[in-house]
Amino acid sequence: MGLIILYANFYKYFYRFYIQIDKVLDIVNCHNPFGKGYKNPANRQNIDFIEQTLASSLTYIESLKMPDGRLVGESRRKAFVIGLRTAANSLIGFAREVFNSDSNVKYILSFKFSQDHIENLFSKIRARNGFNDNPDVICFKSALRALLVKSDITPSPNSNCIDLSTSDEQNG
């Protein structure tokens, strides 16, 4: 019977932890301008709600303790707490500045602030150099040039330039 109570308590606390982390990650990783709930992008109408949600979730996360009684934020495992706090503060600070200005920005897709984009670029550069983690300047420049040429850059259909790669084929 004691084991069942132990598991019930574990799942109760795990579920609360999961909900708090999920809220923060949904807010700081918003992809869809039509998202609902916590996946709704930051805008002038919901910025106060987002700030309150992030503050309460991060307060809970920062109050978590390690088995030895130390707070997670003071242990060797503090990186994720610092990262979540930094992402949340950056989003709120940027949104407040943008929405308080006279800009025409309607919403902010927060996933654009992720460093995943730059990590993917450097991963491709490393792959071009045989996964060399320390390429020299010449290797880096040649890999970057190759990626730029290979990335299939095409003009917008509404632009005032001609896609030369298709115009030769069409003109015969």
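Above: the structure in question.
Cut-offs used in this document
Within every chain, residues take consecutive numbers counted from 1 along the sequence as written. Reporting of local features is limited, given that this is a predicted model, to residues whose pLDDT is at least 70; pairs of side-chain atoms are given and counted only at 80 or more, and all residues count toward the totals for whole chains, interfaces and linings. With hydrogens and water stripped out, all remaining heavy atoms of the structure feed into the side-chain values. The rule is short: rings of Phe, Tyr and Trp, with Trp giving its six-membered ring, pair when the centres are within 6.5 Å, and they are stacked under 30 degrees, edge-to-face over 60, tilted in between. Only DSSP runs of H or I with at least four residues qualify as helices, and only runs of E with at least two residues qualify as strands; both kinds are numbered from the N terminus onward. Accessibility here uses a 1.4 Å probe with only protein chains present; expressed as a share of the type maximum, an area under 20% marks a residue as buried, one over 50% as exposed, and anything in between as partly exposed. An axis is simply a line fitted to the C-alpha atoms; with a helix, the fit covers only the stretch in contact. Between two such axes, the angle follows the N-to-C directions and lies from 0 to 180 degrees. Oblique is the label for any angle not covered by the other classes, which are roughly parallel (under 35 degrees), roughly antiparallel (over 145) and roughly perpendicular (65 to 115). Put simply, a crossing is left-handed when the front helix is turned counterclockwise from the back one by less than a right angle, and right-handed when it is turned clockwise. Contacts are assigned to residue pairs that have any heavy atoms within 4.5 Å of one another. All residues other than Ala, Val, Leu, Ile, Met, Phe, Trp, Tyr, Cys, Pro, Asp, Glu, Lys and Arg, Gly among them, are scored as polar; the first ten of these are nonpolar and the last four charged.

Moving on: the packing of aromatic side chains. Enumeration according to the criterion identifies 2 aromatic pairs in this entry. Between the aromatic rings of Tyr38 and Phe49, the centroid separation amounts to 6.0 Å while the plane-to-plane angle is 15°, which identifies the pairing as stacked. Here the residue Tyr38 occupies a position in the loop between α1 (2-28) and β1 (42-43), and Phe49 occupies one in helix α2 (residues 47-62), the gap between them amounting to 11 residues. Aromatic side chains Phe94 and Phe113 sit 5.1 Å apart centroid to centroid with 80° between the ring planes, which places their arrangement in the edge-to-face category. Taken together, the residues Phe94 in helix α3 (residues 79-100) and Phe113 in the loop between β2 (107-108) and α4 (116-128) connect sequence positions 19 residues apart. Here Phe94 falls in the partly exposed class, since its relative accessible area comes to 39%.

Turning next to the packing of α2 against α3. Two elements in contact, α2 and α3, have axes separated by 11 Å at closest approach and are oriented at 165°. As summarised for this structure, α2 and α3 are arranged roughly antiparallel, according to the angle between their axes. Crossing of α2 against α3: the hand is left-handed. Across the interface between the two elements, Ile47, Asp48, Ile50, Glu51, Leu54, Leu58, Thr59, Ile61 and Glu62 from α2 touch Phe80, Val81, Leu84, Arg85, Ala88, Ile92, Ala95 and Arg96 from α3. Among the residues making up the contact of α2 with α3, the classes are represented as 11 nonpolar, 1 polar and 5 charged.

Geometric descriptors of this kind do not, in isolation, establish any biological role.
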